[in-house]
Amino acid sequence: MKTTEADIHFMREAIRLADESVASGGGPFGAVIVKDGELIAGASNRVTLDNDPTAHAEVNAIRQACRQLGTFDLKGSVIYTSCEPCPMCLGAIYWAGIDRIYYANTREDAAAADFADGFIYDELGKPLEERTLPIIPLLRDEALHTFRQWQEKTDKTVY
């Protein structure tokens, strides 16, 4: 896929947001979401500012874009992020239906700056019983009915 001048422009905006975040006490990450060549949302990392471990730049940009467009479906959009997305952000990007990801810094660059999420990538590849964080199934038989209700619901919004 060929990189365009617009791609460079939007990546520079993500990097600018990351720089601005550092200057204001946030984390060194920025992201923008573009649809049809128009910047829809731009956000930075606010984990420490908001005391929210999910307030990564990509997640914040997704939330902002969804509010702006009035939808949970961001198909047809592109995200530019100042760093390769962590596992949480990557999951959110997939769930949002974003078409393409451009990133600047790599996960190795992030690790060198003390933002190591390689252990999460490693954990996801392990069977549940071998993970560091105990993950314990409980009351599945009591919970399955909720999925049956969802499957039978005729007026649901599928996502």
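Residues numbered from 1 in each chain as written. Predicted model: local features only at pLDDT ≥ 70, side-chain atom pairs only at ≥ 80, totals over all residues. Heavy atoms only, no water.

1. Focus: the overall build of the protein
Here is step 1 of the chain: Within the protein one finds seven helices and four strands.
Here is step 2 of the chain: For the protein, the N- to C-terminal ordering of α and β elements is α-β-β-α-α-β-α-β-α-α-α.
Here is step 3 of the chain: Overall, the protein is about 50 × 40 × 35 Å in size when its C-alpha atoms are taken along their principal axes.
Here is step 4 of the chain: Counting over 159 residues, the protein shows a buried share of 32%.
Here is step 5 of the chain: Here the analysis covers contacts within the protein between residues at least 6 apart in sequence; of these, 48% occur between residues at least 24 apart. (Helix = DSSP H or I, 4+ residues; strand = E, 2+ residues; numbered from the N terminus. Buried < 20%, exposed > 50% of the residue type's maximum accessible area, 1.4 Å probe, protein only. Contact = heavy atoms within 4.5 Å.)

2. Observations regarding the sheet that holds strand E1 (residues 27-35)
Here is step 1 of the chain: The strand order across the open sheet formed by four strands is E2-E1-E3-E4, and the pairing between neighbours is mixed. Strands at the two margins of the open sheet, each flanked by one partner only, are strand E2 (38-45) and strand E4 (100-105). Sheet twist, expressed as the mean angle between neighbouring strand axes with direction ignored, is 15°.
Here is step 2 of the chain: Note: E1 against E2, seven bridges, orientation antiparallel. Residue Val 34 lies in a different strand from E2, and its bridge partner there is Leu 39. (Pairing = 2+ DSSP bridges. Axes fitted to C-alpha atoms, helices over the stretch in contact; angles between N-to-C directions.)

3. Notes on the nonpolar core
Here is step 1 of the chain: Ranked by internal contacts, the top residues of the largest apolar core, which has 18 residues, are Ile 33, Ile 62, Ala 65, Leu 74, Ile 79 and Ile 98.
Here is step 2 of the chain: Secondary-structure elements contributing two or more residues to this core are E1, E2, helix H3 (57-69), strand E3 (77-83) and helix H4 (87-96).
Here is step 3 of the chain: Those residues in contact with Ala 65 that lie beyond four places of it in its chain are Ile 33, Ile 40, Ala 41 and Leu 74.
Here is step 4 of the chain: Counting nine residues, the second-largest nonpolar core is a separate cluster that includes Met 11, Ala 14, Leu 17 and Val 32. (Core = buried A, V, L, I, M, F, W, Y, C linked by side-chain atoms within 4.5 Å.)

4. Digging into the pairing of E1
Working note: regular strand, side chains alternate between the two faces of the sheet.
Here is step 1 of the chain: The element E1 is largely enclosed, with a buried count of seven among its nine residues.
Here is step 2 of the chain: Here E1 pairs with E3 via five bridges, running antiparallel. Bridge pairing in E3 links Val 34 to Val 78.

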